[in-house]
Amino acid sequence: MPFWPSPITTTDVARSGLRLGWPTTLDGQVWWTEDRPDEGGRTTIMHRAAGGARRELLAAPWSARARVHEYGGRPYTVAPGGEVVFVNLSDQRLYLLAPLADEPSPITPADDGSRYADLLVRDHQVWCVRERHHDGKVSRSIVSIPLEGGEPRERATGADFYAFPELSPDGLHLAYISWSHPRMPWNGTELRVTRLADGASWTVKGGTSESVLAPRWKDDGHLYLISDWSGWWNLYQIGLYGTSSQALFPAEEEFAWPLWQLGGRPYTVLGDGRLAVLHGRGDLRLGVLDPDSGELTDLDMPYEGWDPALVADGATLVGVGYGPAVPRSVVRIDTVTGRVEGLRRDIAELPDIAYLPSPRRVELTGRFGRHVHARLYPPSNPAMSPSHAWPEARSGVQSSGPSPERRSEVPPGAPPYVIFVHGGPTGHATSALDLEKALLTSRGIGVLDVDYGGSTGYGRAYRERLKGQWGVVDVEDTIAAAEWLAAEGLADPARIAVRGGSAGGWTVMAACCRSEAFAGGVSYYGVSALATLNAHTHDFESRYVEWLVGPEDPMLYASREPLALVDGVSCPMLLLQGLDDPIVPPEQSAAFADALSERGVPCTYLAFEGESHGFRRTETRATALAAELAFYQQIFS
């Protein structure tokens, strides 16, 4: 099959990954992080002055990236005087960068095995989560550190994990979230408060089967928080000692995302006491909630979804918004005048909008009548003849789609499709503009982005479909997606591929082991064997497989893991892996590649020096995407 001509190249896609994130605003100024793909993927901190001038604060080789939980999180904070405190990637120490200073200065000890994340500055002290690696053991606590430097002082200890340190307005109490193995933060957490005068602590809300997130102080005696005790992550107000809990806007919607990274804030308090909140299913919309009246008003703007990283300074709100045809952007909003200002875009120059796919939500039926959420991205290319039209779904599935003038054109007959499988597996797809998808759709290859059972964004019951069922429900829903595409006449049944990364790579490999629905599979740093993953992965996820599959049992594991089921693979596969991956060791992909080769199944294995879990370098991303395109050209021809 010849690809359609497209102006979108693999290099364009590789250079687009600025990964804007973690905004901060103070006195009319805004800070945020962004990656430098052309500089080895290092992360810098950007500053926009009140007058509009923008500058980069960290020159190479400095890189602001935390490694707590290996997934990290917000790697910096800004003090009231404009000083920036950040975590440096290479040594994981905290550094202080004073305004107009040429070089940062360290404020934490060297070579003590400590990592830091979720930072805030209060009364000339840095409060944060510290992770210590010592004698083969990992421990965590909340600590405070003098802004001028010194030994960290432990403020909360005893649990395996901590997040969201928040000081009360009067400085007398510390609120935070904690949980312990084998739970993950979307399984069960506790909101706890410590009285700083004597160290006394108590639980305000939460437990082993309730996920509590993102505490913020309303005043000295009350807190806001997000809890899923109703089955949905909703917003609540509660007293300091756990009394007078009140739902502020009960709804079958999510007001938060899963806590994979530390430091995100899915809501924030405006100067007049109202709350800027994110809510929805799948994508999260931005609105303003009056906690007294319970009135929630969505803000009218061109961004359909937002990252859970809102910050406010008085009436000014800053976040990272996105849309299907709008690049992920740092956005400043005046909540009084309604003025919306884009400060920085992830992609400097967009291709013609006609080359970008316009997604529509679909809900298909999986095994045993399960509903499965997905987004459909039909091929889109203005250079193709208008006499051709991409086929509509036959079943009348409820979906929101592109307007007629944006509908894509395809040659007669159903096109090939690639099913995207997200990682996590407790994650989800979004409608954010993604040039990786446009790279395919502009060439005549459709994309179906699947939120299989276990995905977040649709309530606790939906994400708990995966409890004990990893390698079953995710695989069945992915196969059902391929069958749905064929049954609806949307895709050529002989030309459907599947691709995913990390846990998504596991699902790709397992689906290819269990079904002949796929013409090929592409796995980025995927999991192939469970026992070796348990033995070598990092502490944060070291007990995760217990929840996903069950206690370690050779027969149980062999019934799920791709490496044990490799005899079932009959389609070609492309495996890509970073050799410095601390989350999914390179041996996982290499062992699966070897097993395929021994059985005579066509397989290409590409390994990249210096890359971790998620490729950051321009040259790596361009090489991987070029290999993926060549793979589709081969299997779809």
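Residues numbered from 1 in each chain as written. Predicted model: local features only at pLDDT ≥ 70, side-chain atom pairs only at ≥ 80, totals over all residues. Heavy atoms only, no water.

A.B. asks: I'm lost on the overall build of the protein chain in this one. Help?
C.D. replies: Along its length, the protein chain carries ten helices and 37 strands. In terms of overall size, the protein chain behaves like a compact globule, its C-alpha atoms giving a radius of gyration of 24 Å where 637 residues would be expected to give roughly 26 Å. Along the longest, intermediate and shortest principal axes, the C-alpha atoms of the protein chain span 70 × 55 × 50 Å. In the protein chain, buried positions account for 61% of the 637 residues. (Helix = DSSP H or I, 4+ residues; strand = E, 2+ residues; numbered from the N terminus. Rg over C-alpha atoms; globule rule 2.2 N^0.38 Å. Buried < 20%, exposed > 50% of the residue type's maximum accessible area, 1.4 Å probe, protein only.)

A.B. asks: It is not clear to me how the pattern of salt bridges should be interpreted in this structure. Could you clarify?
C.D. replies: It is possible for side chains bearing opposite charge to pair when their charged atoms get close. For the structure shown, the criterion picks out 43 salt bridges. The salt bridge partner of Glu 190 is Arg 192, with a shortest N-O separation of 3.9 Å. Overall, Glu 190 belongs to the partly exposed group, its relative accessible area being 24%. Taking the shortest distance from any N to any O, the salt bridge between Arg 599 and Asp 567 comes out at 2.4 Å. Of this pair, Arg 599 sits in the loop between helix 9 (587-598) and strand 37 (603-608) while Asp 567 sits in the loop between helix 8 (554-558) and strand 36 (573-578), placing them 32 residues apart in sequence. Assessed through its relative accessible area of 61%, Asp 567 is described here as exposed. Salt bridges linked by common partners bring Glu 34, Arg 36, Glu 39, Arg 42, Glu 56 and Arg 344 together as one network. (Salt bridge = Lys/Arg side-chain N within 4 Å of Asp/Glu carboxyl O.)

A.B. asks: Please explain the environment of Pro 357 as it appears in this structure.
C.D. replies: With respect to the element layout, Pro 357 can be found in the loop between strand 29 (340-345) and strand 30 (360-365). Residue class for Pro 357 comes out buried when judged on its relative accessible area of 6%. Separated by 301 residues in the primary sequence, Pro 357 and Glu 56 place their C-alpha atoms 33 Å from one another.

A.B. asks: Which parts of the structure should I look at to understand helix 9?
C.D. replies: Since the α-helix advances by 3.6 residues per turn, residues separated by three or four positions end up pointing in the same direction. For helix 9, spanning twelve residues, the distance from its first C-alpha to its last is 16 Å, which sits close to the expected 16 Å at 1.5 Å a residue. Looking at the buried positions of helix 9, the neighbouring elements they touch are helix 5 (503-514), helix 6 (530-536), strand 36 and strand 37. Within two residues after helix 9, Gly 600 carries a phi angle of roughly 80°, on the positive side. (Expected span 1.5 Å × (residues − 1). Contact = heavy atoms within 4.5 Å.)

A.B. asks: Can you walk me through the nonpolar core in this structure?
C.D. replies: In a soluble, globular protein the nonpolar side chains are often hidden away together inside. Membership of the largest hydrophobic core comes to 124 residues, with the highest contact counts inside it found for Leu 94, Ile 419, Leu 448 and Leu 485. When near neighbours in sequence (up to four residues on either side) are disregarded, Ile 419 contacts Leu 448, Val 450, Thr 478, Ala 481, Ala 482, Leu 485, Ile 496, Ala 497, Val 498, Arg 499 and Phe 518. Core analysis: the next-biggest nonpolar cluster, separate from the first, contains 32 residues, Ile 8, Leu 439, Phe 608 and Leu 629 among them. (Core = buried A, V, L, I, M, F, W, Y, C linked by side-chain atoms within 4.5 Å.)

A.B. asks: Help me out: how do you make sense of the packing of aromatic side chains in this one?
C.D. replies: For any two aromatic rings, the description comes down to two numbers: the centre-to-centre distance and the angle of the planes. On inspection of all chains with the given rule, the structure shows 24 aromatic pairs. Taken together, a centroid distance of 5.7 Å and an interplanar angle of 10° make the contact between Tyr 632 and Phe 636 stacked. Highlighted residues: Tyr 632 and Phe 636, both in helix 10 (residues 618-636), separated by four residues, approximately one helical turn. Taken individually, Tyr 632 and Phe 636 each receive the classification buried, so the pair is uniform in this respect. Positioned above the aromatic ring of Tyr 236, the side-chain terminus of Lys 205 is 5.9 Å from the ring centre. Over the ring of Tyr 377 we find Lys 437, and its NZ or CZ is 5.3 Å from the ring centre. (Phe/Tyr/Trp six-rings, centres within 6.5 Å; stacked < 30°, edge-to-face > 60°. Lys NZ or Arg CZ within 6 Å of the ring centre and 35° of its normal.)

A.B. asks: How should the sheet that holds strand 19 (residues 234-239) be read in this particular structure?
C.D. replies: Note: strands within a sheet are paired through backbone hydrogen bonds, in either parallel or antiparallel orientation. If you trace the four strands from one edge of the open sheet to the other, you get 17-18-19-20, paired in antiparallel fashion. Two strands in the sheet have a free side with no partner beyond their single neighbour: strand 17 (212-219) and strand 20 (246-247). Taken together, the two bridges between strand 19 and strand 20 define a ladder with antiparallel strand orientation. Counterpart to Gln 237 in the pairing with strand 20 is Gln 246. (Pairing = 2+ DSSP bridges.)

A.B. asks: Would you take a moment to explain the pairing of strand 27 (residues 316-323) for this structure?
C.D. replies: Every other side chain in a regular strand lies on the same face of the sheet, so the side chains alternate between the two faces. Judged by how many residues are buried, strand 27 sits mostly within the fold: seven of eight residues are covered. The pairing of strand 25 (residues 305-306) with strand 27 spans two bridges and is antiparallel. Of the residues in strand 27, the one forming a bridge with Trp 306 is Gly 321. Pairing geometry for strand 26 (residues 311-313) and strand 27, over three bridges, is antiparallel. What sits directly across from Val 311, in strand 27, is Val 318.

A.B. asks: Honestly, the environment of Arg 345 in this entry has me stumped. Any pointers?
C.D. replies: In this fold, Arg 345 is placed in strand 29. Accessibility expressed as a relative area gives 37% for Arg 345, which makes it partly exposed. Residues Arg 345 and Glu 190, 155 residues apart in the sequence, show an inter-C-alpha distance of 37 Å. Ignoring sequence-local partners within four residues, the contact set of Arg 345 consists of Leu 18, Leu 20, Pro 327, Arg 328, Ser 329 and Leu 350.

A.B. asks: Can you help me understand the sheet that holds strand 7 (residues 94-97) in this one?
C.D. replies: Pairing within the open sheet is antiparallel, and its four strands lie in the order 5-6-7-8. Because the sheet does not close on itself, it has two edges, and the strands there are strand 5 (76-78) and strand 8 (105-106). Across four bridges, strand 6 (residues 84-87) lies against strand 7 in antiparallel orientation. In the sheet register, Val 85 faces strand 7, and the bridge partner there is Leu 96.

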